[in-house]
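Okay, here's what each chain looks like letter by letter:
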Amino acid sequence: MPQPGRTSTAEQRDALAAEVRRVLAATGAAKVVLVGNSRGGNAIRSFIASGGAPMVSAAVLGGTPNHGVFSDAGRSPNAEFNGAGPFLAGLNAPQGPNGNEVPDGVRFLTIRSDRNDKYAQPDGVWIGRRGTPTNVTFEGPALKGATNVAIGGIDHRETSFSRQSFAETWRFLTGAEPATLEVVAESPVVLDGIVSGLGLDNRQGSFATNLPLAGARVEVHVVDGATGERTGAVPYAKTIGRDGHWGPFTTTPTAHLEFVVLADGYATTHIYRSPFPRSSKVVSLRPDRLATADRGALAVVVLTRPRGYFGLPRNRISLDGTSPPVGIPVGVAGVSAARLRVTDATMRTVVGEFDGERIAGLAWPAADNQLVVLELTY
């Protein structure tokens, strides 16, 4: 059903189709390679099945729930992520003499976790149905007729954003081994991205969007990597226009950065980041709001991992000296943020650590409607 801030399968497919045609026209190429994570794979498959196949040479799907996050003809029968629903059942209809689930003419690679993908589990715990069978297996992202790879221990997001997944993607597309799996530093480093905000749904509360937050203001400070204190260098600042871009900002591959996002209706959000070894045009920024549960805290600090989840005992995680932070369960990796409510002092250093990556930030006072985010890169 229509929901505020959410695209339908048709809208997502059509947006992808328009972008593919734009890229082909701009480059003169005959075909594209499409790489998608999670729901992104749904759009790729839908586009290819709806006439896009002649424009695509290969598709790489990381963690895409190709057979649903559940499969139940009697429950939410039209849901996009119901393997028994019309959308996925249509995409998975047998094709050709071998009954493949992928069309001829496009090479497909699926990358999945062996058992650690929160959306490919036999029990419904990660979709709010603990104890209820999903009728989906660990092999749910695999497709008959595709090259299917399972990587031990990776989580749902790491099916696309881990080094192992990069290596599998590179081998599939080129037939060769990658020269390196390290992130090779360059100088100078130029950063940019979109500032977006949160929508509001009366039924489900706030939700993230990718729509530009025009009128917001961004400051970028160089900070001491050990303490989060600002170094005194003149900060970069920009008011966000209709295109949403906060950059370009030029820095070095060793600089620890603090991004400050100020926007009406949001907390002043301080986002601390590890050094960026290479340039990037997709450093997205989003302000947040203090939650009702945060009332009474002197400061609120969130440790977040957008490119993966926290897993125990798989990962080493600590926040402000507590290891593991409160709220991270043992077992399947399915939580990507830990929240700390500071009760002793403000403007002191708070450190978040994850498998060797360390980020230090200052505990800005919540009483002044300020929020701190320690955002992991790896």
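Residues numbered from 1 in each chain as written. Predicted model: local features only at pLDDT ≥ 70, side-chain atom pairs only at ≥ 80, totals over all residues. Heavy atoms only, no water.

Visitor: Got a sec to walk through the overall build of the protein chain? Specific residues and values, please.
Guide: The helix and strand inventory of the protein chain stands at 5 helices and 20 strands. What you see for the protein chain is a C-alpha radius of gyration of 22 Å, in line with the 21 Å of a compact globule of 378 residues. The buried share of the protein chain, taken over its 378 residues, is 46%. Residue pairs in contact within the protein chain that sit at least 24 positions apart in sequence constitute 64% of those at least 6 positions apart. When the accessible surface of the protein chain is summed, it comes to about 18,000 Å², and 54% of that surface belongs to carbon and sulfur atoms. (Helix = DSSP H or I, 4+ residues; strand = E, 2+ residues; numbered from the N terminus. Rg over C-alpha atoms; globule rule 2.2 N^0.38 Å. Buried < 20%, exposed > 50% of the residue type's maximum accessible area, 1.4 Å probe, protein only. Contact = heavy atoms within 4.5 Å. Areas by Shrake-Rupley, 256 points an atom, 1.4 Å probe, with all protein chains shown as cover.)

Visitor: Residue-level account of the packing of helix α1 (residues 9-27) against helix α2 (residues 39-52), with values.
Guide: In the contact formed by α1 and α2, the axes pass within 9 Å of each other and the chain directions differ by 70°. Taken as axis vectors, α1 and α2 run roughly perpendicular relative to one another. Counted together, Thr9, Gln12, Arg13, Leu16, Ala17 and Val20 of α1 and Arg39, Ala43, Ile44, Ser46, Phe47 and Ser50 of α2 form the full contact between these two elements. (Axes fitted to C-alpha atoms, helices over the stretch in contact; angles between N-to-C directions. Parallel < 35°, antiparallel > 145°, perpendicular 65-115°, else oblique.)

Visitor: Describe the sheet that holds strand β14 (residues 268-273), naming the residues involved and giving the relevant values.
Guide: One open sheet accounts for 7 strands, arranged β11-β10-β13-β14-β20-β15-β17; its pairing is mixed. Of all the strands in the sheet, the pair left with one neighbour each is β11 (236-239) and β17 (337-342). Between one strand axis and the next, the sheet turns through 20° on average, direction left out of account. Here 7 bridges tie strand β10 (residues 217-223) to strand β13 (residues 256-262), and the two strands are oriented antiparallel to one another. (Pairing = 2+ DSSP bridges.)

Visitor: Give me the lowdown on the environment of Asp368, citing residues and values where you can.
Guide: Along the polypeptide, Asp368 turns up in the loop between β19 (357-362) and β20 (370-375). You can call Asp368 exposed: its relative accessible area is 52%. Linking Asp368 and Leu298, residues 70 residues apart in sequence, is a C-alpha distance of 9.7 Å.

Visitor: Mind laying out the pairing of strand β15 (residues 299-304), listing which residues take part and the relevant values?
Guide: With 6 of 6 residues buried, β15 is to be regarded as a mostly interior element. Alternating residues of β15 divide into Ala299, Val301 and Leu303 and Val300, Val302 and Thr304, and every residue in both groups is buried. Judged from the 6 bridges that link them, β15 and β17 form a sheet pairing that is antiparallel. For Val300, the partnering residue across the bridge sits in β17 and is Arg341.

Visitor: Describe unusual backbone geometry, naming the residues involved and giving the relevant values.
Guide: Of note, the amide linkage connecting Ser187 to Pro188 takes the cis form, showing an omega dihedral of 0°. Phi is positive for Asn135, close to 65°, though the residue is something other than glycine. Take Asn135: its relative accessible area is 56%, and that puts it in the exposed class. Even without glycine at this site, Asp355 takes up a positive phi of about 45°. Mapped onto the elements, Asp355 comes out in the loop between β18 (349-354) and β19.

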